[in-house]
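Here is what each chain is made of, one letter per residue.
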Amino acid sequence: DGGITQSPKYLFRKEGQNVTLSCEQNLNHDAMYWYRQDPGQGLRLIYYSQIVNDFQKGDIAEGYSVSREKKESFPLTVTSAQKNPTAFYLCASSITGGPYNEQFFGPGTRLTVL
Amino acid sequence: DQQVKQNSPSLSVQEGRISILNCDYTNSMFDYFLWYKKYPAEGPTFLISISSIKDKNEDGRFTVFLNKSAKHLSLHIVPSQPGDSAVYFCAASRSNDYKLSFGAGTTVTVRA
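Draft legend 1. Highlighting the environment of S10 of chain B. Residues and elements named next belong to chain B. As for its position among the elements, S10 is in strand β2 (residues 10-14). Judged by relative accessible area, S10 falls into the exposed class, the value being 52%. Remark: the alpha-carbon pair of S10 and A86, spanning 76 residues in sequence, is separated by 10.0 Å.

Structure (structure tokens):
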């Protein structure tokens, strides 16, 4: 059945290390997104990609990087430049071409920096 | 600058009664609005949406109302059930814009 998978569910990182979060979708969606959720806050957009080999910065892109080499995959790297990386990270996808944007979310990855 | 605001961080309601969640937005260019439901440690799931050409959209126990002049929308859940206990996010976008702006969420607790 179609959906979005994120791995791992929980991730621990030592301060100063880069870490990559995986996001895969088999919904044949063109657009993919990365959000960050912190306690008491809404979802904040990190990066998004409307098509393969193209992506744009969201509202809080500093300290993060992405790639979009395949339609199904949109990995997010949290670099050591991200000052406060401990958070819940959500990946989403949506179709393109229509006027409205309903995004479908994966289960999330909780990243903890030790 | 937060363009979508949910000013009530929490709501407690008795089972069987109505839950009313509110959302305000500041960007008059928004013309599509969505509600998502989220359980702890899971991703949000789409609940219901409304475009600006309508002022009401209903889906089972869930109804969303849009007041464009007040830049306000609300989600009504009737009757509320224990499984409705979750965080509800309001989101908004413009036509042909891939970005969604989210509110901070309202935690709903349905009491037995």
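Next comes the rest of the account.
Draft legend 2. Region of the structure containing the state of the cysteines. The full count for this structure, using the stated rule, is 2 disulfides over all chains. Two residues share a disulfide in this structure: C23 of chain A and C91 of chain A, whose sulfurs sit 1.9 Å from each other. Linking C23 of chain A and C91 of chain A, the disulfide has an S-S dihedral of approximately -75 degrees and is accordingly described as left-handed. One end of the pair, C23 of chain A, is in strand β3 (residues 19-25); the other, C91 of chain A, is in strand β9 (residues 87-94), with 68 residues separating them in the sequence. Residue C23 of chain A shares its accessibility class with C91 of chain A, and that shared class is buried. The side chain of C23 of chain B participates in a disulfide bridge whose partner is C90 of chain B; the two sulfur atoms lie 2.0 Å from each other. Of note, the bridge from C23 of chain B to C90 of chain B carries an S-S torsion of about -75 degrees and is left-handed in sense. Here C23 of chain B, found in strand β3 (residues 19-25), pairs with C90 of chain B, found in strand β9 (residues 86-93); they are 67 residues apart in sequence, far enough to count as distant. For C23 of chain B, a relative accessible area of 0% corresponds to the buried category.

Conventions and cut-offs
Residues numbered from 1 in each chain as written. Chains lettered and ligands numbered in written order. Predicted model: local features only at pLDDT ≥ 70, side-chain atom pairs only at ≥ 80, totals over all residues. Heavy atoms only, no water. Helix = DSSP H or I, 4+ residues; strand = E, 2+ residues; numbered from the N terminus. Buried < 20%, exposed > 50% of the residue type's maximum accessible area, 1.4 Å probe, protein only. Disulfide = S-S within 2.5 Å.

Worth remembering: the numbers are spatial, not functional.
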